[in-house]
Amino acid sequence: MYVLIGGAGLVGLSLAQRLVELGHTIAVIDRDPVACRYAREQVGVMAFEGSAVSTEVLLEAGIRRAGSVAAVLRSDALNLAMVTLAKHYGVSHILARMRHRDFAEPLRLAGANQIVSTIDLAVSMMVNAIEYPQVESIMHFEQGQIEVLKLSIQNNCYVVGHSLAEIAQDSRFPLDSLIIGYQPHPNEGLVIPNGSTVLEPGSTVLIATKPGSLHQVIDFIEGCQ
């Protein structure tokens, strides 16, 4: 996919690098000639020097053929302008970084399919690390309405040796929660489990749940025999 990124700062270049590794064709736009040169020479992407909210620069960078546009410029106002122009040129998938929540609705109305709040994301990750230190990671979906957590199964956990069907039938396991992924051992791949999957010690599970049920899920999984 051809992806156009507005902004060659730390986020823009890191995003470009990751997308290149995944096999995408990437172009970045930035006013800074040094950042553009770095993008070409060190990241290996196309770089266009100029404003990412200039129609001339956007057309030169090939916005009409972009499958996705990411607006990660230095201000919310500039990101809003880039989103508006990307929508105007028919880009089907538009992402925007947001610093202030006041821009959430304008960005959405302008055509952003996905909005990433850098402050909210950082705060949420730090809160989760403090509140749930035993959880390896927590992902948020639908504006925080659904949480997916990654949790290791210790040797003496109550759930060891039990199937997912048995766990689902246990009244202590929240009804609005579901084990959606299972990794038997660290050197094995993640699999989609079924009711007959038995949890082994040292394994890892992915659990989808509601935010209000996080404590209950963790307490249940970690309950010792």
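Residues numbered from 1 in each chain as written. Predicted model: local features only at pLDDT ≥ 70, side-chain atom pairs only at ≥ 80, totals over all residues. Heavy atoms only, no water.

With an unreviewed UniProt entry as reference, the protein is termed TrkA family potassium uptake protein, source organism Aetokthonos hydrillicola Thurmond2011.

Draft legend 1. Quick look at the overall build of the protein. Secondary structure summary: the protein contains eight helices and 10 strands in total. When each of the 225 residues of the protein is scored for burial, the buried share is 43%. Put simply, the protein shows about 12,100 Å² of open surface, and 56% of that area lies on carbon and sulfur atoms. (Helix = DSSP H or I, 4+ residues; strand = E, 2+ residues; numbered from the N terminus. Buried < 20%, exposed > 50% of the residue type's maximum accessible area, 1.4 Å probe, protein only. Areas by Shrake-Rupley, 256 points an atom, 1.4 Å probe, with all protein chains shown as cover.)

Draft legend 2. Inspection of the pattern of salt bridges at higher detail. Inspection of every chain in the model, using the stated rule, returns three salt bridges. Glu 21 is the partner of Arg 18 in a salt bridge, and the nearest nitrogen-oxygen pair spans 3.4 Å. Of this pair, Arg 18 and Glu 21 both sit in helix α1 (residues 10-21), three residues apart, which is roughly one turn of that helix. Residue class for Arg 18 comes out partly exposed when judged on its relative accessible area of 45%. Overall, Glu 21 belongs to the exposed group, its relative accessible area being 52%. Note that Arg 172 is salt-bridged to Asp 170, the shortest N-O span being 3.0 Å. (Salt bridge = Lys/Arg side-chain N within 4 Å of Asp/Glu carboxyl O.)

Draft legend 3. Structural detail: the pairing of strand β10 (residues 204-209). When you tally the buried positions in β10, you get six out of six residues, the bulk of the element. Residues Thr 204, Leu 206 and Ala 208 of β10 are buried on one face, and the alternating residues Val 205, Ile 207 and Thr 209, pointing to the opposite face, are buried as well. Direction of pairing for strand β8 (residues 146-152) relative to β10: antiparallel, over a ladder of six bridges. Looking at β10, one finds that Lys 150 is bridged to Leu 206. (Pairing = 2+ DSSP bridges.)

Draft legend 4. Seen up close, the sheet that holds strand β1 (residues 2-6). Reading across from one edge, β3-β2-β1-β4-β5-β6 is the order of the six strands in this open sheet, with parallel pairing throughout. Of all the strands in the sheet, just β3 (46-49) and β6 (114-117) have a single pairing partner and so form its edges. The mean angle between the axes of side-by-side strands here comes to 15°, regardless of whether they run parallel or antiparallel. Sheet topology note: the strand β2 (residues 25-30)/β3 ladder contains four bridges and is parallel. Across the sheet, the residue bridging to Ile 29 is Phe 48, located in β3. Packing against the sheet, helix α4 (residues 76-88) makes contact with β1, β4 (68-71) and β5 (94-98), and its axis sits at approximately 170° to β5. (Axes fitted to C-alpha atoms, helices over the stretch in contact; angles between N-to-C directions. Contact = heavy atoms within 4.5 Å.)

Draft legend 5. Geometry of the packing of aromatic side chains. The full count for this structure, using the stated rule, is one aromatic pair. Across from the ring centre of Tyr 2, 3.9 Å away, lies the NZ or CZ of Arg 65, which sits over that ring. (Phe/Tyr/Trp six-rings, centres within 6.5 Å; stacked < 30°, edge-to-face > 60°. Lys NZ or Arg CZ within 6 Å of the ring centre and 35° of its normal.)

Draft legend 6. Highlighting the layout of surface pockets. Each pocket or cavity is described by its volume, and for the second largest pocket that value is around 350 Å³. Leu 15, Ala 70, Val 72, Leu 95 and Val 116 are, among the 18 residues lining the second largest pocket, the residues nearest its centre. Elements represented by at least two residues in the lining of the second largest pocket include exactly α1, β4, β5, β6 and α6 (118-131). (1 Å grid on protein atoms, 1.4 Å probe; cavity = no way out; pocket = protein on both sides within 12 Å on 5 of 7 lines; lining within 4 Å. Points joined across faces, edges and corners; volume = space filled by probe spheres on them.)

Draft legend 7. View of a nonpolar patch on the surface. There is a patch of nonpolar side chains on the surface, built from Ile 119, Val 123 and Met 126 and spanning about 270 Å² of accessible area. Mapping Met 126 onto the fold places it in helix α6. The class for Met 126 is exposed, based on a relative accessible area of 51%. (Patch = residues over 30% accessible without salt bridge, like charges linked within 9 Å, V, L, I, M, F, W, Y side chains within 5 Å.)

Draft legend 8. Focus on the nonpolar core. Formed by 27 residues in total, the largest nonpolar core has its most connected members in Leu 4, Ile 29, Ile 63, Val 69 and Val 83. Elements supplying a minimum of two residues to this core: β1, β2, α3 (55-60), β4, α4, β5 and α5 (104-110). At four residues, the largest contribution of residues to this core is made by α4. Ignoring anything within four residues of it in the chain, the contact list for Leu 4 reads Ala 27, Ile 29, Leu 58, Ala 61, Ile 63, Ala 66, Ser 68, Val 69 and Ala 70. (Core = buried A, V, L, I, M, F, W, Y, C linked by side-chain atoms within 4.5 Å.)

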